[in-house]
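Here's the letter readout for the chains.
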Amino acid sequence: MSYDIALKRIYAEPDSSDGARILVDRLWPRGMPRERLELTDWYRDASPSLALSRQLRTGEISNAVFAVRYRGELRDVPNNLFPLMRHARRGRLTLLSAARDLEASHLPLLREAILGALQQEDAEDALPSSPPCYLGMLDRDGQNGRD
């Protein structure tokens, strides 16, 4: 199945085609009144930890190291993706951030993690839930009648 997950700056005007608009920053964007944003939700749990964000912002770590560590944070608590996956299954999901450069932010990594989790869940759903039942093949003693 194909899922539509868009990335957008929080400062861009809301659009009727945005679908579910979820702010995924740990901190509220400066100067933005809640009413203007038309948010579906503000979901902090899927954003990078404050310590990790600070390390990237101050130059202590590179973008590559940030990406590895952020993926690790997401992998450590996979349940944090469930609310975002639920929105993506319902239709278009727009992930919002105050970052100036969205492609260099955590949003592409988050979108990748959500899509990967959705694909894994879809693959698991395609498998049979249990093996076929062989109860009818047992004799009265509970033994396989073929022996």
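Anything mentioned here points back to the structure above.
The sections below set out a description of the structure shown in this document. (Residues numbered from 1 in each chain as written. Predicted model: local features only at pLDDT ≥ 70, side-chain atom pairs only at ≥ 80, totals over all residues. Heavy atoms only, no water.)

**Concerning the sheet that holds strand β4 (residues 93-97)**
Put simply, the rule is: The criterion for strand pairing is that DSSP finds at least two bridges linking the strands in question. Per the convention used, a helix needs a DSSP run of H or I reaching at least four residues, while a strand needs a run of E reaching at least two, with both numbered from the N terminus. Residue contacts are defined here by distance: any two heavy atoms, one from each residue, within 4.5 Å place the two residues in contact. Angles run from 0 to 180 degrees between N-to-C directions of axes, and those axes are lines fitted to C-alpha atoms, restricted for helices to the stretch in contact.
Read across the sheet, 4 strands follow the order β1-β4-β2-β3 without closing on themselves; strand pairing throughout is parallel. At either end of the open sheet lies a strand with only one pairing partner, and these are β1 (5-9) and β3 (41-42). Direction of pairing for β1 relative to β4: parallel, over a ladder of 5 bridges. Directly across from L7, in β4, lies its bridge partner L95. Helix-sheet contacts for helix α4 (residues 82-90) involve β1, β2 (20-23) and β4, and the interaxial angle to β4 is about 135 degrees.

**Digging into the pattern of salt bridges**
Convention followed: In what follows, salt bridge is the name for a side-chain nitrogen of Lys or Arg lying within 4 Å of a carboxyl oxygen of Asp or Glu. With a 1.4 Å probe rolled over the protein chains alone, any residue whose accessible area is under 20% of its type maximum counts as buried; one over 50% counts as exposed, and the rest are partly exposed.
This structure, assessed with the given rule, holds 7 salt bridges. With a shortest N-O distance of 3.0 Å, D18 and K8 are connected by a salt bridge. Taken together, the residues span a long stretch of sequence, with D18 in the loop between β1 and β2 and K8 in strand β1 at a distance of 10 residues. Each member of the pair, D18 as well as K8, carries the same accessibility label: buried. One salt bridge connects R36 with E13, and the closest N-O pair in it is separated by 2.9 Å. Highlighted residues: R36 in helix α1 (residues 34-37) and E13 in the loop between β1 and β2, separated in sequence by 23 residues. Residue class for R36 comes out partly exposed when judged on its relative accessible area of 32%. Given a relative accessible area of 53%, E13 falls into the exposed group. Counted as one network, the salt bridges with shared partners bring together K8, D18 and R21.

**Quick notes on the nonpolar core**
Note the cut-off: Buried Ala, Val, Leu, Ile, Met, Phe, Trp, Tyr and Cys residues form a nonpolar core when they are joined through side-chain atoms within 4.5 Å.
Membership of the largest hydrophobic core comes to 27 residues, with the highest contact counts inside it found for V24, L84, L93, L95, L110 and I114. Sorting the residues of this core by element identifies β1, β2, α3 (63-76), α4, β4 and α5 (107-126) as the ones contributing at least two each. Excluding anything up to four places from it in sequence, L110 contacts V24, A46, Y70, L74, L81, L84 and L95. Membership of the second largest hydrophobic core comes to 6 residues, among which are I10, M32, L37 and W42.

Geometric descriptors of this kind do not, in isolation, establish any biological role.
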